[in-house]
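These are the residues of each chain, in order.
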Number of protein chains: 4
Amino acid sequence: MGETGSSRWQRKKDARPSEILDAALTLFVEKGYLATKMEDIARAAGVTKGTPYLYFQNKEEIFKAVVRETIVARVHAMSAQLAQLHGIGSSELLFLALEDWWTHIGSTRAAGLCKLMAAEATNFPDLTRFYYEEAILPARQLLGHIIQRGMDSGEFRPVHLDYAIDALTAPMMMTMILSHSFALVPGCCDSLKDNPLEFLKTSLRLTLQGMHQPAPQDARP
Amino acid sequence: MGETGSSRWQRKKDARPSEILDAALTLFVEKGYLATKMEDIARAAGVTKGTPYLYFQNKEEIFKAVVRETIVARVHAMSAQLAQLHGIGSSELLFLALEDWWTHIGSTRAAGLCKLMAAEATNFPDLTRFYYEEAILPARQLLGHIIQRGMDSGEFRPVHLDYAIDALTAPMMMTMILSHSFALVPGCCDSLKDNPLEFLKTSLRLTLQGMHQPAPQDARP
Amino acid sequence: MGETGSSRWQRKKDARPSEILDAALTLFVEKGYLATKMEDIARAAGVTKGTPYLYFQNKEEIFKAVVRETIVARVHAMSAQLAQLHGIGSSELLFLALEDWWTHIGSTRAAGLCKLMAAEATNFPDLTRFYYEEAILPARQLLGHIIQRGMDSGEFRPVHLDYAIDALTAPMMMTMILSHSFALVPGCCDSLKDNPLEFLKTSLRLTLQGMHQPAPQDARP
Amino acid sequence: MGETGSSRWQRKKDARPSEILDAALTLFVEKGYLATKMEDIARAAGVTKGTPYLYFQNKEEIFKAVVRETIVARVHAMSAQLAQLHGIGSSELLFLALEDWWTHIGSTRAAGLCKLMAAEATNFPDLTRFYYEEAILPARQLLGHIIQRGMDSGEFRPVHLDYAIDALTAPMMMTMILSHSFALVPGCCDSLKDNPLEFLKTSLRLTLQGMHQPAPQDARP
DNA sequence: GATGAATGAGATTTCATTCAT
DNA sequence: TATGAATGAAATCTCATTCAT
């Protein structure tokens with residue numbers, strides 16, 4: 001007894017909110033917003049029913065915080081890759097971005113947020129807009145930059161930028177959603193479970209083949 | 001005397017189940033399973049609280065019926081296209097299938113079921129498997145046949161069938177999910193709302209470019 | 001066609017109310033008042049939901065009618081025995097009354113009414129009083145008469161009349177209640193099910209032994 | 001610090017289940033199982049609608065608990081009398097047992113359980129069997145032992161054991177049922193209300209007279 | 001801060017009763 | 001008369017939230 005600097009205690013105390021958000025993320029992604037009970041969140045966070053209310057106003061605020069915190073964390077984690085934007089071909093860069101995204105988002109629970117937000121979009125329009133602007137748009141912009149660079153350099157043929165981004169994004173989004181839905185049900189999407197990253201790369205390769213500038217001799221009549 | 005005691009009420013009675021399912025589909029897609037109240041469904045169907053229970057055991061059965069009826073109806077509607085499987089190039093066939101799918105599914109509320117099932121997959125595993133087997137797999141098999149045909153005829157280069165299907169499916173799934181989630185929120189996915197079919201065709205075109213067999217002279221070194 | 005005296009139809013029509021009451025008696029006795037649904041009664045009576053309301057105001061009136069009709073019918077059926085009140089010893093008369101009661105009430109569904117009324121007594125006080133006055137009291141009075149006769153003739157020793165009636169009634173009431181409750185559950189009251197009348201007679205014999213005037217020599221000091 | 005966080009609330013919490021069961025017992029006995037609303041129970045226990053669900057899964061479990069707790073408590077309370085099984089005549093012992101039963105069961109709300117179980121027997125067969133085995137059979141066995149002892153010692157003449165038990169039990173059961181049904185309705189069973197124990201004793205006396213071994217000289221022709 | 005008993009609004013479901021046919 | 005679709009009051013049960021300790 002006596003106040004021994006409270007360091008471990010302090011850490012505990014400071015950690016509470018994120019422990020709660022962490023538990024909430026898992027449960028929201030697994031069961032959906034309404035099917036997740038406050039008490040489940042508390043228990044999963046190792047506290048009791050009343051505790052989450054010491055840190056968050058209510059369930060909805062927890063939901064919002066989960067989305068915000070996760071997005072912020074992940075987008076920050078991915079921004080490290082932006083530093084590498086030199087001296088690499090655009091195709092290769094897209095592959096690197098894909099792997100990076102896979103590591104920090106696609107293969108993590110953060111991917112579940114995409115499914116979650118899709119499910120709750122109309123119930124939480126403000127939050128949805130936030131998610132869209134802070135998660136989806138940045139990812140698209142990043143891809144847009146790279147594609148533009150490839151077109152500028154002649155590596156890619158001219159394409160409609162938005163459509164190209166969509167084409168690149170679709171497999172990622174499909175993977176995020178499927179892996180937190182059908183793929184969790186035995187007997188569904190078994191191929192997806194094998195090696196999602198491989199699928200994503202193949203898909204990217206396929207799309208890039210469609211985007212690539214044909215080699216000069218190919219163009220000859 | 002001796003008439004079939006039908007007339008106005010009878011007609012109502014026959015129509016009720018589908019009216020209820022119709023209302024339920026819209027609400028489930030819009031708000032999700034749990035956020036949709038039985039009374040909402042009843043009111044949307046123009047009846048009172050108790051009436052849906054005359055036709056369905058409980059909410060879950062309504063949910064299942066919505067999924068089953070919609071899937072069955074749509075898959076049947078799409079099977080008409082199978083008759084056209086002669087004398088058309090595989091690429092062209094894929095475009096026709098896409099348009100057909102768009103007409104009967106992609107642009108309808110049935111598309112919302114995909115989002116719905118993704119959201120509720122783990123809460124209704126049996127139903128999810130049903131949906132997967134009756135909706136997702138048939139669509140994939142159809143695409144698989146066409147691709148295989150294209151490879152057999154030399155129109156497409158050899159590709160990994162599953163990955164190719166994924167690549168073709170991803171934009172469709174993304175469209176279905178986005179158009180019933182983010183796209184409904186003002187300020188999100190505005191490009192999608194403009195002309196989704198155009199995006200889908202562009203996407204298909206892009207993917208096909210990656211799959212097409214290069215012309216013979218191109219292959220020469 | 002043409003109106004052929006409507007005899008069978010007429011019979012049917014007149015029979016409806018009693019068919020409904022008959023069905024209701026069975027169900028009320030089996031499941032209790034509240035657990036019996038109007039639709040069950042209708043179905044058991046071979047009609048549809050609305051029909052009982054053509055003959056009875058509501059469920060409560062059906063309940064009351066069931067009790068009244070059954071009591072009236074049974075008490076009438078038992079009144080035939082009153083004619084036999086001459087030239088028979090009181091003990092023997094009690095045995096005859098017991099057998100008569102057993103035939104017309106104890107072994108029939110009417111016995112179930114006793115359980116039913118006990119269960120619902122406080123919920124339907126007026127009806128309970130009716131039942132008490134029309135069923136229980138007459139039976140007690142009948143027994144009272146016989147016992148009194150026995151005491152007057154010296155066949156029975158002097159006893160407190162009410163208590164003697166209670167002692168004679170208790171086994172009957174117990175049989176009625178048990179046979180429509182515990183005895184219906186496998187594993188309970190198996191001995192009762194064997195031969196209830198035999199138990200009743202034995203019980204009566206035992207009680208009569210206690211009531212009988214000892215033979216003169218026994219009384220001598 | 002470090003105290004057992006109890007005091008007022010804790011005491012409340014420990015008391016709650018039995019307060020709820022207590023309220024439920026009264027209401028179930030008074031109105032029956034179905035006619036007793038959960039909110040009635042809650043209010044009678046001084047809590048609100050939701051509170052009973054903190055301690056019991058549902059209404060049925062409350063019902064079961066009421067039966068179990070009451071039976072267990074009462075049967076334990078009665079087992080104290082078993083210690084007195086020495087040096088007393090069997091007749092006298094039966095009177096003592098009767099008084100004991102009257103004190104701990106017959107005159108208490110526990111007696112109402114008998115009516116309740118009779119009413120609900122077919123709706124809750126398992127519970128009924130439990131009640132039968134834990135309440136009815138032990139009572140019968142106790143009586144059986146005493147009667148057997150009486151026969152062994154020559155105090156009683158040989159009788160059919162089951163029937164003798166029935167004869168002794170019937171007045172008790174009738175009292176329990178009547179006093180929680182007809183006797184509660186003004187104008188019914190007024191004699192019963194006067195002095196039920198007196199009736200029971202008289203009844204027992206009467207039955208014992210039928211069972212007693214006549215004194216030796218009496219048996220002489 | 002943390003607990004967890006208690007609350008009470010609200011959701012699902014049932015069923016007696018009505019009434020157009 | 002008879003039907004049975006529809007109603008809506010009422011009951012059971014859940015769970016987000018509060019607050020005394």
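Here, residues in each chain are numbered from 1, in the same order as that chain's written sequence. Here the convention is simple: chains get letters from A, ligands get numbers from 1, in the order in which they are written. Given that the model is predicted, a residue must reach a pLDDT of at least 70 before its local features are reported, and side-chain atom pairs must reach 80 or more before they are shown or counted; all residues, however, enter totals for whole chains, interfaces and linings. No hydrogens and no water enter the side-chain calculation; it runs on all heavy atoms of the structure.

1. Side note on the overall build of chain A
Here comes step 1: In DSSP terms, a helix is any run of H or I states spanning at least four residues, a strand is any run of E spanning at least two, and both are numbered starting from the N terminus. Helix and strand content of chain A: 11 helices and zero strands.
Here comes step 2: Looking at chain A residue by residue over its 221 residues, the buried ones come to 50%.
Here comes step 3: In what follows, residue pairs with any heavy atoms lying within 4.5 Å of each other are defined as contacts. In chain A, the share of contacts with a sequence separation of at least 24, taken over all contacts with a separation of at least 6, comes to 69%.
Here comes step 4: Note on areas: Shrake-Rupley with a 1.4 Å probe; residue coverage comes only from the protein chains shown. If you sum the accessible surface of chain A, you get close to 10700 Å²; carbon and sulfur atoms cover 54% of it. Only protein chains enter the accessibility calculation, which uses a 1.4 Å probe; a residue is then buried when its area is under 20% of its type maximum, exposed when over 50%, and partly exposed in between.

2. What to know about the interface of chain C and chain D
Here comes step 1: Counting residues at the interface gives 51 residues for chain C and 51 residues for chain D.
Here comes step 2: Salt bridges are defined by distance alone: a side-chain nitrogen of Lys or Arg within 4 Å of a carboxyl oxygen of Asp or Glu. Scanning the region where chain C abuts chain D turns up zero salt bridges.
Here comes step 3: A total of 11 residues in the side of chain C that touches chain D trace back to one element, the largest contributor, which is helix α8 (residues 161-179) of chain C.

3. Quick word on the interface of chain A and chain B
Here comes step 1: On the side of chain B, 51 residues touch chain A, which itself brings 51 residues to the contact.
Here comes step 2: In total, chain A and chain B occlude about 4100 Å² of area from one another, counting both sides; carbon and sulfur atoms represent 72% of this.
Here comes step 3: The buried area of a pairing is the accessible area, by a 1.4 Å probe, that goes missing from both parts when the two are put together, added over both. Looking at the side of chain A facing chain B, the largest losses of area belong to A:Tyr163, A:Phe182 and A:Leu206, adding up to 16% of the total buried there.
Here comes step 4: Here chain A is connected to chain B by zero salt bridges.
Here comes step 5: Polar contacts, as counted here, are pairs of nitrogen or oxygen atoms within 3.5 Å of one another; within protein the pair requires one atom able to donate a hydrogen and one able to accept it, and residues that are adjacent in sequence qualify only if both atoms are side-chain atoms. Inspection of the region where chain A meets chain B yields 10 residue pairs in polar contact (both at pLDDT 80 or more).
Here comes step 6: For the side of chain A that touches chain B, the secondary structure elements donating two or more residues are α1 (7-31), α6 (110-120), α7 (125-152), α8 (161-179), α9 (190-194) and α10 (196-211) of chain A.

4. What to know about the UniProt feature "domain: HTH tetR-type" (unreviewed entry) in chain A
Here comes step 1: UniProt positions are given in the numbering used here, feature names are shortened, and annotations may be inferred rather than shown by experiment. Residues annotated in UniProt with the feature "domain: HTH tetR-type" (unreviewed entry) correspond here to residues 14-74 of chain A.
Here comes step 2: Counting secondary structure, residues 14-74 of chain A comes out at 74% helix and 0% strand; the distance between its end C-alpha atoms is 20 Å.

5. Describing the relation of the copies chain A and chain B
One copy of the chain maps onto the other through a rotation about an axis followed by a shift along the same axis.
Here comes step 1: Superposing the copies works by least squares over the C-alpha atoms of residues that have pLDDT at least 70 in both of them. When chain A is fitted onto chain B, the two copies agree to an RMSD of 0.2 Å after a turn of 179° and an axial shift of 0.1 Å. Here the transformation between the copies is reduced to the relation of a two-fold axis. Across chain A, the smallest distance between a C-alpha and the rotation axis is recorded for A:Gly210, namely 2.2 Å.
Here comes step 2: Taken as a fraction of all interface residues of chain A, those also at the interface in chain B reach 100%, which identifies the copy contact as same-surface.

6. Notes on the protein's contact with DNA strand E
Here comes step 1: Neighbouring DNA strand E are 37 residues; A:Lys49, A:Tyr55, D:Arg16, D:Lys49 and D:Tyr55 lie closest to it.
Here comes step 2: Being near a molecule or strand, for a residue, means having at least one of its heavy atoms within 4 Å of it. Sugar and phosphate atoms form 72% of the subset of DNA strand E atoms that lie within 4 Å of the protein.
Here comes step 3: Residue B:Met38 places a main-chain N or O atom 3.1 Å away from a phosphate oxygen belonging to DNA strand E.
Here comes step 4: A distance of 2.9 Å separates a phosphate oxygen of DNA strand E from a polar atom in the backbone of C:Lys59.
Here comes step 5: Elements with a minimum of two residues in the surface near DNA strand E: α1 and α3 (52-55) of chain A, α1 (7-31) of chain B together with α1 (7-31) and α3 (52-55) of chain D.
Here comes step 6: For the surface near DNA strand E, a count of residues per class yields 12 nonpolar, 11 polar and 14 charged. Only Asp, Glu, Lys and Arg are considered charged in this grouping, and only Ala, Val, Leu, Ile, Met, Phe, Trp, Tyr, Cys and Pro are considered nonpolar; every other residue, Gly among them, is considered polar.

7. Description of the confidence of the model for chain A
Here comes step 1: On average, residues of chain A score 87 in pLDDT, and 88% of them are at 70 or above.
Here comes step 2: Scored from 0 to 100, pLDDT records how confident the predictor is in each individual residue. Throughout residues 1-6 of chain A the model reports pLDDT below 50, and contacts reaching past four residues in sequence, or to other chains, amount to one contact.

8. With respect to the side chain of A:Thr36
Here comes step 1: Residue placement: A:Thr36 occurs in the loop between α1 and α2 (38-44).
Here comes step 2: The class of A:Thr36 is buried, set by a relative accessible area of 0%.

9. Things to note about the packing of helix α10 (residues 196-211) of chain C against helix α8 (residues 161-179) of chain D
Here comes step 1: Axis angles are defined between N-to-C directions and span 0 to 180 degrees, where every axis is a line fitted to C-alpha atoms and, for a helix, only to the segment in contact. In contact at an axis separation of 10 Å, α10(C) and α8(D) are set at 70° when each is read in the N-to-C sense. Considering the angle they form, α10(C) stands roughly perpendicular to α8(D). For the pair formed by α10(C) and α8(D), the contact residues are C:Glu198, C:Phe199, C:Thr202, C:Ser203 and C:Leu206 on the first element and D:Tyr163, D:Asp166 and D:Ala167 on the second.
Here comes step 2: Looking at side-chain class alone, the contact of α10(C) with α8(D) contains four nonpolar, two polar and two charged residues. Angle categories are assigned with fixed cut-offs, so that under 35 degrees is roughly parallel, over 145 is roughly antiparallel, 65 to 115 is roughly perpendicular, and the rest are oblique.

10. A look at the relation of the copies chain C and chain D
Here comes step 1: Rotating chain C by 179° and moving it 0.1 Å along the rotation axis overlays it on chain D with an RMSD of 0.2 Å.
Here comes step 2: Of the interface residues in chain C, 100% have counterparts in chain D that sit at the interface too, so the contact is made through matching surfaces.

11. Things to note about the side chain of A:Thr108
All names here are of chain A.
Here comes step 1: Mapping Thr108 onto the fold places it in the loop between α5 (90-106) and α6.
Here comes step 2: Looking at Thr108, its side chain comes within polar contact range of the main-chain oxygen of His104, at 3.5 Å.
Here comes step 3: Excluding its chain neighbours within four sequence positions, the residues that come into contact with Thr108 are Arg74, Thr103 and His180.

12. Notes on the UniProt feature "DNA-binding region" (unreviewed entry) in chain A
Here comes step 1: What UniProt calls "DNA-binding region" (unreviewed entry) maps, in this numbering, to residues 37-56 of chain A.
Here comes step 2: With 55% helix and 0% strand, residues 37-56 of chain A has end C-alpha atoms that lie 15 Å from one another.

13. Overview of the packing of aromatic side chains
One pair of aromatic rings is described through two measures. These are the centre distance and the angle between the planes.
Here comes step 1: Whether two aromatic rings pair depends on their centres lying within 6.5 Å, for rings of Phe, Tyr and Trp, where Trp uses its six-membered ring; planes under 30 degrees apart make the pair stacked, over 60 edge-to-face, and the rest tilted. Going through the model one piece at a time under the given rule, you end up with 36 aromatic pairs over all chains.
Here comes step 2: Consider the rings of A:Phe182 and B:Tyr132, whose centres lie 6.4 Å apart with planes at 40°: the pair is tilted. One end of the pair, A:Phe182, is in the loop between α8 and α9; the other, B:Tyr132, is in helix α7 (residues 125-152), on a second chain. An identical accessibility class is assigned to A:Phe182 and B:Tyr132; each is buried.

14. Points about unusual backbone geometry
Here comes step 1: Unusually for a residue other than glycine, A:Cys189 sits at a positive phi of about 55°.
Here comes step 2: Judged by its relative accessible area of 6%, A:Cys189 is buried.

15. Overview of the pattern of salt bridges
Here comes step 1: What the rule picks out here adds up to 41 salt bridges over all chains.
Here comes step 2: With its nearest N and O atoms 3.1 Å apart, the salt bridge here joins B:Asp190 to B:Lys193. Of this pair, B:Asp190 and B:Lys193 are both found in helix α9 (residues 190-194), three residues apart, which corresponds to roughly one turn of the helix.
Here comes step 3: Using a relative accessible area of 38% as the deciding quantity, one classes B:Lys193 as partly exposed.
Here comes step 4: A salt bridge links D:Lys64 to D:Glu60; the shortest N-O distance between them is 3.3 Å. With a gap of four residues between them, D:Lys64 and D:Glu60 both fall in helix α4 (residues 59-79), about one helical turn apart.
Here comes step 5: Taking the relative accessible area as the measure of exposure, D:Glu60 reaches 32% and is therefore partly exposed.
Here comes step 6: If you follow the salt bridges from partner to partner, you end up with A:Glu60, A:Glu61 and A:Lys64 in one network.

16. Here we look at the environment of A:Thr36
Here comes step 1: Expressed as a C-alpha distance, the spacing of A:Thr36 and A:Gly154, which sit 118 residues apart in the sequence, is 51 Å.
Here comes step 2: Not counting the four nearest positions on each side in its chain, A:Thr36 is found in contact with A:Leu27, A:Phe28, A:Lys31, A:Ile41 and A:Lys59.

17. Brief notes about the environment of D:Ile71
Residues and elements named next belong to chain D.
Here comes step 1: Turning to its location among the elements, Ile71 is positioned in helix α4.
Here comes step 2: Looking at Ile71, the relative accessible area reads 7%, which means it is buried.
Here comes step 3: With 14 residues separating them along the chain, Ile71 and Gln57 place their C-alpha atoms 20 Å apart.
Here comes step 4: Contact partners of Ile71, with chain neighbours within four places excluded, come to Leu113, Tyr131, Glu134 and Ala135.

18. What about the state of the cysteines?
Here comes step 1: Cysteine sulfur atoms are paired as a disulfide whenever they fall within 2.5 Å. In the structure shown here, the tally under the stated rule is zero disulfides over all chains.
Here comes step 2: With no disulfide partner, B:Cys188 has as its closest neighbouring cysteine sulfur the one in B:Cys189, 6.1 Å distant.
Here comes step 3: Residue classification places B:Cys188 among the buried positions, given a relative accessible area of 0%.
Here comes step 4: The thiol of C:Cys114 is not disulfide-bonded; the next cysteine sulfur, from D:Cys189, is found 9.8 Å away.

19. Here we look at helix α5 (residues 90-106) of chain D
The periodicity of an α-helix, 3.6 residues per turn, causes residues three or four positions apart to be oriented the same way.
Here comes step 1: Relative to the 24 Å expected for 17 residues at 1.5 Å per residue, α5(D) spans just 21 Å between its end C-alpha atoms, considerably shorter than the ideal helical length.
Here comes step 2: Looking at the buried positions of α5(D), the neighbouring elements they touch are α4, α6 (110-120), α7 (125-152), α8 and α10 (196-211) of chain D. A helix's residues, less one, multiplied by 1.5 Å, set its expected span.

20. Focus: the environment of B:Ser18
Here comes step 1: If you trace the backbone, B:Ser18 turns up in helix α1.
Here comes step 2: Side-chain polar atoms of B:Ser18 contact the backbone oxygen of B:Ala15, separated by 3.0 Å.

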